[in-house]
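Tertiary structure, described
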Amino acid sequence: MVASLRRFLLLSCASLALAACQSAEDRAERHFQSAMELVEAEEFDRAIVEFRNVFENLPQHNEARLAAAELYARIGDEGRAYRNYLLYVEQNPEDLPPRLELAELAIASGNWEELRRHGGKAQELAPDDPRVQAIGAVMAYQLAVEDDAPADRRDAADRVRETRASLSEGVVADTVVIDNLLRDGELRQAIEEIDRVLAEDPDLERFQQLKLQVLGQLGDREAVQTQLQSLVERYPDNEGYAQTLIQWYTTQGDLDAAEAFIRSRIVEGEEGVQLRTLLIAFLNQSKGHEAALAEIDAALEAGVNPDLFRSLRAGIAFDQGEREAAIAEMEEVVANAEPGDQTLGIKVALARMLLTDGNEVAARQQIEEVLATDETQVDAIKIRSSWLIEDDKTDEAIVTLRRALDQAPSDPEIMTIMAQAHLRNGSRGLAGEMFSLALEASGNAPEQTANYVRFLLADQNYQVAENALINSLRVAPGNFDVLVLLGRVYVAQEDWARVEQVEGTLRRLETQEGENAANSLQVARLRGQQGEDEAIAFLEQMAQDDQTSNPATVAIVRSLLGQNDIEGALAYVDERLSEDEDNPVLRLLRAGVLVAADRSAEADEIYRDALANNDQTEGVWRALYLSKQRQGLVDEADAVLQEAVAAMPEAPNLLWALAGELERDGDIEGAIGIYEQLYGRLSGSPIVANNLASLIATYRDSDEELERAYAVARRLRGAEIPAFQDTYGWIAFRRGQLEDALEHLEPAAAGLPGDPIVQYHYARALAAAERHEEALDQYRRALEIAGPGDTRSQFETAKDEIDRIEGLLAQQ
């Protein structure tokens, strides 16, 4: 009876499950048929909803997946088309047409890795297919570009042109042909090709943008302006083009045209609020706060959205230094405003003010209140994500930022913060990709360009950096930061002719900062072209032309010291002091030269005189401390450091020195405490992160502390600095990531051959990998470097390990 009942229940459950399965399939099929009918009727939005319903019931519905991909491609949504084709080929890897679509979409987006993946598979499936051969020509072109093989590149471009008709979209071939012309510097021919493409289809936005860039390269300002105006007319909903045109007018010095353009787009009433806000920002930046306030007053008199315009007025007051009054007004606006998206935005603006004013607790409260009301509020997410990164909660920050990107997929600030999160995670590849995407989304804006270029310079990727800077200068020709970075790139490449061009551009800015930057570049160029003597001669001329030119004097003295001409340096600074004996910079400069001349006692008197006048000068305290150390006066150096920290308890360099002293004296917990204090204020510093993580990983044993060390140190993954490699590698070893550990510890040991702890770390990893003979040699090397007097526990372990490994080898 019981057995029969059990069988009945089992059969009933199986029947119910089968019925449910059949029901899901039936529902999916009904939605699919409905979707296809809607596609036929060209009701695409409703069709997309039906396709989603299909996949909710049956994700592996192949026909629907392929049809959805084709629909997305038809309406120009290349991203979703690509994802659906990809899901389809994962289930149907031998189906050629979807592979070809994926390859062409990869070409259009510049995703060469995916092109090789899908184009390569297509070549396996149908090598003689004309469309496959055309895609193969594009693959050959990209390979030639990567190999820097101009002849092969040109041959491949000719083949692409010949096979253009075989591609489903001729613009794929056109992209390659135009790219080839641009790489050869044939800008006029490239414009002709672009115009030919646009004559066939003027709505190809990528080519409209490309035309703008090439016109910028040609330096045809009138044509650039005409093209920008055309883009604004053709794509009225794209605010990016309008912003670029405004920026163009501004960089050309035509502020009236920029203002007139903005005003021409403003409509009366609530619909015109956004553009009126833009106008106020423009006026504040270009014509001063009084012009902006006048526009705000006009808006307030009209009675349109007083909450918003009061908050804008408070923002200007805050920037003008009236912080307390501005915050009070913002708080009043927030307290009385109606709930809604605008009020949340004003609260975020208030949080930024509070942060700037040093009240982080109140700022965090505002942001948490905003996100409690609307967890998708983008500006609040940005701020919270930055805090998460500072707190080493990078994974949480990345998840949060992805949510923000769903709301604002083209926001360059979100992408920049995500890049910073990836950097903190040690994922430089992902960080570079996000910096690049932020640059693209910003339309080559100077700020995003500078972020990306600084990242590229760290990797010595000068060519890509140069291209990014030049593209940015086409949008903002006189931007100081971009010009300075471009000068740095050319100095690094020793391209002195172009350095000189940047110098001239900086001088034409007719600003003091531009003149100073140009002078710095000229010094670098003279050193590179004609040697140190010419550079010093130029600096001397600068110092004579401007009797207060301390930077020139400092540079001359440094150059002389670099040549070991100590007497010449001392004579030069004494000459300048004879002209200006009370100049504090020159007196401290003389102290530095005296230290180099082994006359530290005289230097110390100068340092003490300076501190008697002002004991809040961190650099002078540090110079005095280092001077005592050089003289071997250890007790006096310690006393100076204690005195300095008492006078300036928050000074980071003094705390850094104190942590080093504590570590050398064996007070590891004291050193960790100071590094924790520094890390709380300077969590973005890789050096602080390295020292803190290294001490925690070396001297603390708990799993919790190890994970803390990993959270701090993971940004060091892939670093080329040996100390960073050792820190990350040792933490990876302790976490059981042996391959990762060896990858970092081997170069660390090679880069720090005199550090016994680093050699010991590498030996431990070799032993764990059962590379016994190498581990034995490495342990012996560590002990030899440490010497018999080093009683640290690591070397006792090393001796035990040597005995163990020798025993193992003896048994073999």
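Our structure is the block above this text.
Read on for an overview of the structure. In this text the structure is predicted, and so the values were computed from the model without any measurement.

1. Topic: the pattern of salt bridges
Applying the stated rule across the entire model yields 56 salt bridges. Arginine 276 is the salt-bridge partner of glutamate 295, the closest N and O atoms lying 3.0 Å from each other. In this pair, glutamate 295 is assigned in helix H16 (residues 289–302) and arginine 276 in helix H15 (residues 273–286), connecting sequence segments 19 residues apart. Each member of the pair, glutamate 295 together with arginine 276, is buried. Across the salt bridge formed by glutamate 636 and lysine 628, the nearest N and O atoms sit 3.0 Å from each other. Given the relative accessible area of 13%, lysine 628 is considered buried.

2. So, the packing of helix H4 (residues 78–91) against helix H6 (residues 112–125)
Running from amino to carboxyl end, H4 crosses H6 at an angle of 40°, the nearest separation of the two axes being 13 Å. For the element pair H4 / H6, the angle class is oblique. The way H4 lies across H6 gives a crossing that is left-handed. Two secondary-structure elements touch here, H4 through Tyr82, Leu86 and Val89 and H6 through Glu114, Arg117 and His118.

3. Brief notes about the environment of alanine 719
Mapped onto the fold, alanine 719 is located in the loop between helix H40 (703–713) and helix H41 (722–734). In this structure, alanine 719 is in contact with Phe724 and Gln725, ignoring residues within four places of it in sequence.

4. Observations concerning the side chain of serine 311
If you trace the backbone, serine 311 turns up in helix H17 (residues 306–319). Judged by relative accessible area, which is 9%, serine 311 ranks as buried. Excluding anything up to four places from it in sequence, serine 311 contacts Met330 and Ile346.

5. Description of the environment of leucine 439
Looking at where leucine 439 falls in the secondary structure, it is placed in helix H24 (residues 428–441). With relative accessibility at 6%, the residue leucine 439 sits in the buried group. Taking the C-alpha atoms as reference points, leucine 439 and glutamate 413, 26 residues apart in sequence, are found 9.7 Å from one another. With near-sequence residues (within four places) excluded, leucine 439 lies in contact with Asn444, Ala445, Gln448, Thr449, Tyr452 and Ala468.

6. Things to note about helix H23 (residues 412–424)
With 13 residues, H23 should reach 18 Å at 1.5 Å per residue; the first-to-last C-alpha distance of 18 Å fits that figure. Among the residues making up H23, those that are buried are Pro412, Ile414, Met415, Thr416, Ile417, Met418, Ala419, Ala421, His422 and Arg424. Turning to H23, the residues buried within the fold contact helix H21 (378–390), helix H22 (394–407), H24, helix H25 (446–458) and helix H38 (668–681). A distance of 2.8 Å separates the backbone nitrogen of glutamate 413 from a side-chain oxygen at the start of H23, and that oxygen is part of aspartate 411. Remark: glycine 426 follows H23 within two positions and exhibits a positive phi of approximately 85°.

The rules behind these values
Residues numbered from 1 in each chain as written. Predicted model: local features only at pLDDT ≥ 70, side-chain atom pairs only at ≥ 80, totals over all residues. Heavy atoms only, no water. Salt bridge = Lys/Arg side-chain N within 4 Å of Asp/Glu carboxyl O. Helix = DSSP H or I, 4+ residues; strand = E, 2+ residues; numbered from the N terminus. Buried < 20%, exposed > 50% of the residue type's maximum accessible area, 1.4 Å probe, protein only. Axes fitted to C-alpha atoms, helices over the stretch in contact; angles between N-to-C directions. Parallel < 35°, antiparallel > 145°, perpendicular 65-115°, else oblique. Left-handed = near helix turned anticlockwise from the far one by under 90°. Contact = heavy atoms within 4.5 Å. Expected span 1.5 Å × (residues − 1). Polar contact = N/O pair within 3.5 Å; in protein donor to acceptor, adjacent residues only side chain to side chain.

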